[in-house]
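# Observations on the model geometry
What follows is the residue order along each chain.
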Amino acid sequence: IGEKKSVCPILEADWDDLWDQFDERRYLNAKKWRVGDDPYKLHAFNQRESERISSNRAIPDTRHLRCTLLMYCRDLPPTSIIITFHNEARSTLLRTIRSVLNRTPMNLIKEIILVDDFSNDPGDCEELIKLPKVKCLRNDQRQGLVRSRIRGADVAQGTTLTFLDSHCEVNRDWLQPLLHRVKEDYTRVVCPVIDIINLDTFSYIESATELRGGFDWSLHFQWEQLSPEQKAQRLDPSEPIRTPIIAGGLFVMDKSWFNFLGKYDMDMDIWGGENFEMSFRVWMCGGSLEIVPCSRVGHVFRKKHPYVFPDGNANTYIKNTKRTAEVWMDEYKQYFYAARPFALERPFGDIESRLDLRRKLRCQSFKWYLENVYPELRVPKDSSIQKGTIRQRQKCLESQRRKNQEVSNLKLRPCVKIKGEDAKSQIWAFTYTQQIIQEELCLSVITFFPGAPVVLVLCKNGDDKQQWTKTGSRIEHMASHLCLDTDLFGDGTENDREVVVNPCESSLMSQHWDMESH
Ligand code: LR7
Ligand code: MN
């Protein structure tokens, strides 16, 4: 294990003189949080705290001790760092850039390309070109992160591309181990370990190292522990970890390889899904993905998007992931649709050019990917979709959605047909993951007690609060063992019953449900 890599002393740059030419206080003060305003309102993190903390702060070195002993290749080529953003807070954007300038050897930065994805204030980006190495491009309409990143990549002059989110802080010697891996083999796409910058306090927290990227059939990204066997095989904690999928925001890739593999899918909008498309493509077309534990970058993880999705959040996510499934997943896309039945009837644009790309590159099948890269992803036995109304006599379960709200109401209402078709708000799917789902929302019970309300919330896999079993005509909630039922709260009329769970009782007609297929 003890062998050292090639030795190369590095001159750290001193940016302080150059930094003095930039009026940081003016830049930040122009858009400051104001007393009385909600500090979370604009960015979904604590803007006030972010502004209180210097752009030039120390953070703990979270690497394994072994990492400090490694030496990297002397002649690593300088990289183009690409940061796209839409209405990022000035304080976090500036801290991202300053951390890069502070903790990266000057000779390794070709340039820092900011792509302003049509933020409200052009000054957010333009004023930063006074900083060393920084360039600014501004979209004249909102493009989303995929087309913005492509725009940055197209003008990049470095031989490698380094992507970062606009609210990161890079840690000590973060870049060298990444560039080193790509220099050894240009088909590698490499990521740092992503540490956590707390969204309330902005403290920098070490995250677990022995994780890799994984997902379920609904194509939701999740961090996964390495298996005991995988852990046992890792003799050296500084060794890279091969990963089925990348988180998406933070990685280094050879520029020619990026272009050769088809950049990104230009028709993906705003946010989401592009990391699946990129990951499947890289693995299936001859490359690999890995996480390099000696490279650490902090990221502010948020609970919701602070920005607008012009076509709606769920629609955009489904369009992007559906494009991925249709182009890359072959017959296995049926499991995606079984997990997300409402994606079937969604528009997703033209995918011909991406299918061409896949043929031209002679990429492997998705079956190959499953067998060789992600054997841990179990293929379900059943991909059938049960879809239709859920009836209690002549009444139907109905969602009452409010626009742009993640939580909706649930009612028992007279069944409705529109032009012979069941009303959309009364159509449900029962998935093989035992969720009862409508679009992206799932039936759930939050706290358990007799009479507890059943609510509609964003589906989350593996959450037993969202799982149900059908036993005869009863529908039992798995976590509480209570049964789907209705009560006469509400306005107390028969037409407006609340949907609840109650102790199971087979004699009760209100616990008697029929699923009528659509
Ligand atoms: O319309 C937009 N235009 C943009 O330029 C919307 C967003 N953006 C920018 C945005 O300002 C930010 O810099 O794109 C970047 C990513 O957006 P975030 O920070 O809202 O996304 P996220 O951190 O929640 O999402 C993760 O998944 C995304 C899927 O599309 C992207 O791949 C993000 O880059 C990715 N972030 C990370 O991988 C950091 C670690 C998070 C994890 C896990
Ligand atoms: Mn982010």
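Procedures and definitions
Counting of residues starts from 1 at the beginning of each chain's written sequence and follows it residue by residue. Written order decides the labels, with chains lettered from A and ligands numbered from 1. In keeping with the predicted nature of the model, local features appear solely for residues at pLDDT of at least 70, side-chain atom pairs appear and are counted solely at 80 or more, and the whole-chain, interface and lining totals rest on all residues. Working from all heavy atoms in the structure, the side-chain values ignore hydrogens and water. Numbering goes from the N terminus for both helices and strands, where a helix is a DSSP run of H or I of at least four residues and a strand is a run of E of at least two. Each radius of gyration reported is based on C-alpha atoms, and the globular scaling rule is 2.2 Å times the count of residues to the power 0.38. With a 1.4 Å probe rolled over the protein chains alone, any residue whose accessible area is under 20% of its type maximum counts as buried; one over 50% counts as exposed, and the rest are partly exposed. A contact between two residues is defined here by any heavy atoms of the two lying within 4.5 Å. Charge counting treats Lys and Arg as positive and Asp and Glu as negative, with His and both chain ends excluded. Note that the charge is assigned to NZ on lysines, CZ on arginines, CG on aspartates and CD on glutamates. Coordination partners: N, O, S within 2.8 Å of the metal, 3.2 Å for Na, K and Ca; water not considered, so apparent gaps in a site are possible. Classification of ring pairs rests on two measures: the distance between centres of Phe, Tyr or Trp rings, Trp counted by its six-membered ring, which must be within 6.5 Å, and the angle between planes, read as stacked under 30 degrees, edge-to-face over 60 and tilted in between. Definition used: whenever NZ (Lys) or CZ (Arg) falls within 6 Å of the ring centre and also within 35 degrees of the ring normal, the charge is taken to sit over that ring. To be near a molecule or strand, a residue needs just one of its heavy atoms within 4 Å of it. By the criterion applied in these results, polar contacts are pairs of N or O atoms within 3.5 Å in which, for protein atoms, one can donate a hydrogen and the other can accept it, and in which residues neighboring in sequence qualify only through two side-chain atoms. Per-residue and other accessible areas were derived by the Shrake-Rupley procedure at a 1.4 Å probe size, with only the shown protein chains allowed to occlude residues. Classes in brief: Ala, Val, Leu, Ile, Met, Phe, Trp, Tyr, Cys and Pro nonpolar; Asp, Glu, Lys and Arg charged; the others, Gly included, polar. Two strands are counted as paired when DSSP detects at least two bridges linking them. Buried residues of nine kinds, namely Ala, Val, Leu, Ile, Met, Phe, Trp, Tyr and Cys, make up a nonpolar core once their side-chain atoms join them within 4.5 Å. Note on scores: pLDDT gives the predictor's confidence for each residue, bounded by 0 and 100. Here, two cysteine sulfur atoms that lie within 2.5 Å of each other are counted as a disulfide.

## Observations regarding the overall build of the protein chain
Of the regular secondary structure elements, the protein chain holds 14 helices and 27 strands. In terms of overall size, the protein chain behaves like a compact globule, its C-alpha atoms giving a radius of gyration of 25 Å where 518 residues would be expected to give roughly 24 Å. Once the C-alpha set of the protein chain is aligned to its principal axes, its extents read approximately 80 × 55 × 45 Å. Split into buried and exposed, the 518 residues of the protein chain put 56% on the buried side. Sequence separation of at least 24 residues holds for 73% of the intrachain contacts in the protein chain that already meet a minimum separation of 6. Averaging the locations of the 73 positively and 74 negatively charged side chains of the protein chain gives two centres separated by 1 Å.

## Quick look at the coordination of the manganese ion (ligand 2)
Between any two of four tetrahedral donors, the ideal angle at the metal is 109.5 degrees; between two of six octahedral donors, it is 90 or 180 degrees. At this site the manganese ion (ligand 2) is bound by Asp165 (OD), His167 (NE2) and His299 (NE2), with donor distances of 2.2 Å. In terms of primary sequence, the donors binding the manganese ion (ligand 2) are separated according to D-x1-H-x131-H. Of this pair, Asp165 sits in the loop between β4 (160-164) and β5 (168-170) while His299 sits in strand β12 (residues 288-300), and the two are 134 residues apart along the sequence. For the pair formed by Asp165 and His299, the shared burial category is buried.

## Points about the packing of aromatic side chains
Applying the stated criterion to the full structure yields 22 aromatic pairs. For the ring pair Trp217 and Tyr332, a centre distance of 6.4 Å and an interplane angle of 10 degrees mean the geometry is stacked. Taken as a pair, Trp217 in the loop between β8 (211-215) and β9 (221-225) and Tyr332 in the loop between α11 (313-328) and α12 (333-339) lie far apart in primary sequence, 115 residues in all. Put simply, the rings of Phe215, Trp217, Phe276, Phe280, Tyr332, Tyr335, Phe366, Tyr369 and Tyr374 pair up and form one aromatic cluster. Taking NZ or CZ as reference, Lys387 lies 4.8 Å from the ring centre of Phe342, over its face. If you follow Lys470 out to its NZ or CZ, it ends over the ring of Phe430, 5.0 Å from the centre.

## Some words on the site of ligand 1
The environment of ligand 1 is made up of 26 residues, and the closest members are Asp117, Ser166, Gly272, Glu274 and Tyr307. Between ligand 1 and the protein, one listed contact pairs an oxygen atom with a side-chain N or O atom of Arg149 at 2.8 Å. Between ligand 1 and Tyr307, the relevant distance is 2.5 Å, taken from an oxygen atom to a side-chain nitrogen or oxygen of the residue. When ligand 1 sits alone it has 810 Å² of accessible area, and the protein chains cover 91% of it. Counting residues per element, the ones that place at least two in the shell around ligand 1 are β1 (79-85), α6 (145-155) and β9. Residues that form the shell around ligand 1 fall into these classes: 11 nonpolar, 9 polar and 6 charged.

## Digging into helix α7 (residues 175-184)
Along an α-helix, residues three or four positions apart point the same way, because every turn accommodates 3.6 residues. The buried fraction of α7 is high, at 8 of 10 residues. Taken as a whole, α7 has its buried residues at Leu175, Gln176, Pro177, Leu178, Leu179, His180, Arg181 and Val182. Looking at the buried positions of α7, the neighbouring elements they touch are β1, β4, β6 (188-197), β11 (251-254) and β12.

## What about the pairing of β4?
With respect to burial, β4 is a largely interior element, 5 of its 5 residues being buried. Burial along β4 is two-sided: Thr160, Thr162 and Leu164 facing one way and Leu161 and Phe163 facing the other are all buried. As paired elements, β1 and β4 share 5 bridges and run parallel to each other. If you follow Thr79 over to β4, its bridge partner there is Thr160. Pairing of β4 with β11, which is carried by 4 bridges, proceeds in the antiparallel orientation. What sits directly across from Leu161, in β11, is Met253.

## A look at the nonpolar core
In this structure, Phe215, Trp217, Phe251, Met253, Phe280, Phe366 and Tyr369 are the most contacted members of the largest nonpolar core, which totals 60 residues. Ignoring anything within four residues of it in the chain, the contact list for Met253 reads Thr160, Leu161, Val189, Phe258, Leu261, Met278 and Val282. Counting residues in hydrophobic clusters, the runner-up holds 40 residues, among them Phe22, Ile83, Leu179 and Ile194.

## Concerning unusual backbone geometry
The backbone of Asn87 shows a phi angle near 50 degrees, a positive value even though the residue is not glycine. With respect to the helices and strands, the residue Asn87 is situated in the loop between β1 and α4 (90-103). A positive phi angle, near 70 degrees, is found at Lys133, a position not held by glycine. Relative to the assigned elements, Lys133 resides in the loop between α5 (123-126) and β3 (134-138).

## Re the confidence of the model for the protein chain
Mean pLDDT over the protein chain: 92, with 94% of residues reaching 70 or higher. Contacts for the low-pLDDT stretch residues 1-11, under 50 throughout, to residues beyond four places or in other chains number 22 contacts.

## Quick notes on the state of the cysteines
All chains considered together, the criterion is met by 6 disulfides. The side chain of Cys285 participates in a disulfide bridge whose partner is Cys363; the two sulfur atoms lie 2.1 Å from each other. Judged by the torsion about the S-S bond (100 degrees), the Cys285/Cys363 disulfide is right-handed. Note that Cys285 is positioned in the loop between α10 (274-284) and β12 and Cys363 in the loop between α13 (352-360) and α14 (366-372), a separation of 78 residues in sequence. Each member of the pair, Cys285 as well as Cys363, carries the same accessibility label: buried. Going through the protein chain in sequence order and numbering each bonded cysteine, the pairs you get are 1-5, 2-3, 4-6, 7-8, 9-10, 11-12. Cys168 forms no disulfide, and the closest cysteine sulfur to it belongs to Cys191, at a distance of 12 Å. Since its relative accessible area comes to 2%, Cys168 is described here as buried.

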